[in-house]
Amino acid sequence: MAGETLQVYFLGTAGALPTPNRNPACIMIRHGADSLLFDCGEGAQQQMMRARTGFTVDAIFITHWHADHYLGVPGLIHTLSFMGRTEPLPIYGPRWVDGFVEGVLALAKKPPGFRLDPRTLNHGDVVPFNGYQVRAFSAQHGIPGLGYILEEDARPGRFDREEAIRLGVPEGRLFGKLQRGEAVTVETDGEETVVAADQVVGPSRPGRKVIYTGDTRPNVRSWLGWGMDADLLIHDATFDESEADRAPEVYHSTAAEAGMVAAQIDAARLALVHISSRYTNTITHIEDAGKHYSGQVFAPDDLDIIEIPYRS
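Residues numbered from 1 in each chain as written. Predicted model: local features only at pLDDT ≥ 70, side-chain atom pairs only at ≥ 80, totals over all residues. Heavy atoms only, no water.

Novice: Please provide a residue-by-residue account of the sheet that holds strand β6 (residues 116-120), values included.
Specialist: Taking strand neighbours across the sheet as the criterion, the seven strands line up as β6-β5-β4-β3-β2-β1-β16 in an open arrangement whose pairing is mixed. Every other strand in the sheet has two partners, leaving β6 and β16 (304-307) as the edge strands with one partner each. If you compare each strand with its neighbour and ignore which way they point, the axes differ by 20° on average. As defined by bridge partners, strand β1 (residues 6-12) adjoins strand β2 (residues 26-31) across six bridges and the pair is classed as antiparallel. Across the sheet, residue V8 finds its bridge partner in β2, namely I29. Helix α2 (residues 73-82) rests against β3 (34-38), β4 (59-61), β5 (89-93) and β6 of the sheet, and its axis sits at about 170° to β5. (Pairing = 2+ DSSP bridges. Helix = DSSP H or I, 4+ residues; strand = E, 2+ residues; numbered from the N terminus. Axes fitted to C-alpha atoms, helices over the stretch in contact; angles between N-to-C directions. Contact = heavy atoms within 4.5 Å.)

Novice: Summarise the environment of F129; cite the residues concerned and give the values.
Specialist: Secondary-structure assignment places F129 in strand β7 (residues 126-129). According to the relative accessible area criterion, F129 is partly exposed, its value standing at 22%. For the pair F129 and H31, spaced 98 residues apart in sequence, the C-alpha to C-alpha distance is 9.9 Å. (Buried < 20%, exposed > 50% of the residue type's maximum accessible area, 1.4 Å probe, protein only.)

Novice: Go over the sheet that holds strand β9 (residues 146-152), please, and point to the residues and values.
Specialist: By definition, the strands of a sheet pair up through backbone hydrogen bonds, in either a parallel or an antiparallel sense. Across the sheet, which stays open at both edges, the seven strands sit in the order β7-β8-β9-β12-β13-β14-β15 with mixed pairing between neighbours. The two strands at the open ends of the sheet, each matched to only one other strand, are β7 and β15 (296-298). Adjacent strand axes in the sheet meet at a mean angle of 15°, parallel and antiparallel pairs treated alike. Judged from the four bridges that link them, β7 and strand β8 (residues 132-138) form a sheet pairing that is antiparallel. By the bridge assignment for β8, V127 is matched with V134. Of the strands in this sheet, β14 (269-273) and β15 are in contact with helix α9 (residues 283-290), which crosses β14 at around 140°.

Novice: Let's hear about the pattern of salt bridges: which residues, and what values?
Specialist: Counting across every chain of the model gives 13 salt bridges. Among the ionic pairs, D117 bridges to R115, the shortest N-O distance being 3.9 Å. Taken together, the shared-partner salt bridges in this structure form one network comprising R115, D117 and R119. (Salt bridge = Lys/Arg side-chain N within 4 Å of Asp/Glu carboxyl O.)

Novice: Explain the pairing of β5 residue by residue, including any values.
Specialist: Within a regular beta strand, the side chains point alternately toward one face of the sheet and then the other, so they alternate between its two faces. Of all five residues in β5, five are buried, a share of seventy percent or more. Burial along β5 is two-sided: L89, I91 and G93 facing one way and P90 and Y92 facing the other are all buried. Bridge analysis of β4 against β5 gives two bridges, and the strand direction is parallel. Paired with I60 across the two strands is I91, which belongs to β5. Handedness of the crossover joining β4 and β5 through α2: right-handed. (Right-handed = clockwise from strand over helix to strand, strands pointing away.)

Novice: Lay out the environment of S35 with the relevant residues and their values.
Specialist: Inspection of the secondary structure assignment puts S35 in strand β3. The exposure class of S35 is buried, given its relative accessible area of 2%. With 28 residues separating them in the primary sequence, S35 and Q7 have C-alpha atoms 9.6 Å apart. Not counting the four nearest positions on each side in its chain, S35 is found in contact with M28, I29, R30, T56, V57, D58 and A59. At 2.9 Å, the side chain of S35 and the side chain of R30 are in polar contact. (Polar contact = N/O pair within 3.5 Å; in protein donor to acceptor, adjacent residues only side chain to side chain.)

Novice: Describe the nonpolar core, listing the residues and the values that go with them.
Specialist: Judged by nonpolar contacts, the single largest core of 28 residues is most densely connected at V8, F10, F38, F61, L232 and I234. Counting residues in each nonpolar core, the second largest holds 26 residues, with M48, I62, W65 and L89 among its members. (Core = buried A, V, L, I, M, F, W, Y, C linked by side-chain atoms within 4.5 Å.)

Novice: Which residues make up the packing of aromatic side chains, and what are the values?
Specialist: On inspection of all chains with the given rule, the structure shows twelve aromatic pairs. Consider the rings of F10 and F298, whose centres lie 6.1 Å apart with planes at 85°: the pair is edge-to-face. You can see F10 sitting in strand β1 and its partner F298 sitting in strand β15, a full 288 residues away along the chain. Ring centres 5.0 Å apart and planes at 15° place the aromatic pair F38 and F61 in the stacked group. Of the two residues, F38 is situated in strand β3 and F61 in strand β4; the sequence distance between them amounts to 23 residues. Owing to a relative accessible area of 2%, F38 belongs among the buried residues under this scheme. Among the aromatic residues, ring-to-ring pairing joins F38, F61, Y92, F129, Y132 and Y148 into one connected group. The ring of F114 carries the charged tip of R85 above its face, separated from the ring centre by 5.4 Å. (Phe/Tyr/Trp six-rings, centres within 6.5 Å; stacked < 30°, edge-to-face > 60°. Lys NZ or Arg CZ within 6 Å of the ring centre and 35° of its normal.)

Shown next, in the form of structure tokens:
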């Protein structure tokens, strides 16, 4: 819905191995009152407490079935049950999500106090929410994997108040009808005139868009049409260019490749994540990405929070 806050919480930005400063993969996106988790690595609950997000989770989206992306789920489910949750929890993911949920329930022995709802997604599938949607796209990581695009519905065009008054529309409820796309009838000099919405309302404006690739080789061609003009691209940047030969072998991306993808989709900002534990800082990553992408590049630290503004 237009006007809702859109915040991204970087709860875990590490590569396959955690470090003293980086937890395994976990991104929370808050849209208004909704809280969605994208991956839920080990230690996610403590990161949620440190970030003061609370434990309200409306859905979990897992990118793939490597343990550093899902080991936090069983503990989170236990906590939610202990806190008295009763509403179902949808868990979205690629093939094998049903088996994952079955395994979590078998491990727990006693079922939680709410239903787990596994939902398999494929390339192009869309999950609708109130005022926005989450679309899945195929990742290239050696096993079934997905990335996700959170995109808001288009916003109404700008309302030209002065033009409406000039056309004889009185301020009040008729303004609201025009803003909702309805025509109105007004009386001017004893004659009735119909004023159409498109006479005073501009073209619709795009909503905000956040993309999370999960672990992947750069494969923007498969989702280019959906990803253009993203407000934020969160991309696998496991390696800097010194490991460019290794990246394809393990189905990850370099920071330079992430920069190339950001440039292709004309992203407003690029966040480099899944940083390998071999690196003690991310200066080279940022420099590598900046050679191919002129927008804002950053390598978020764990617990960083950013607000996504409207483009206009």
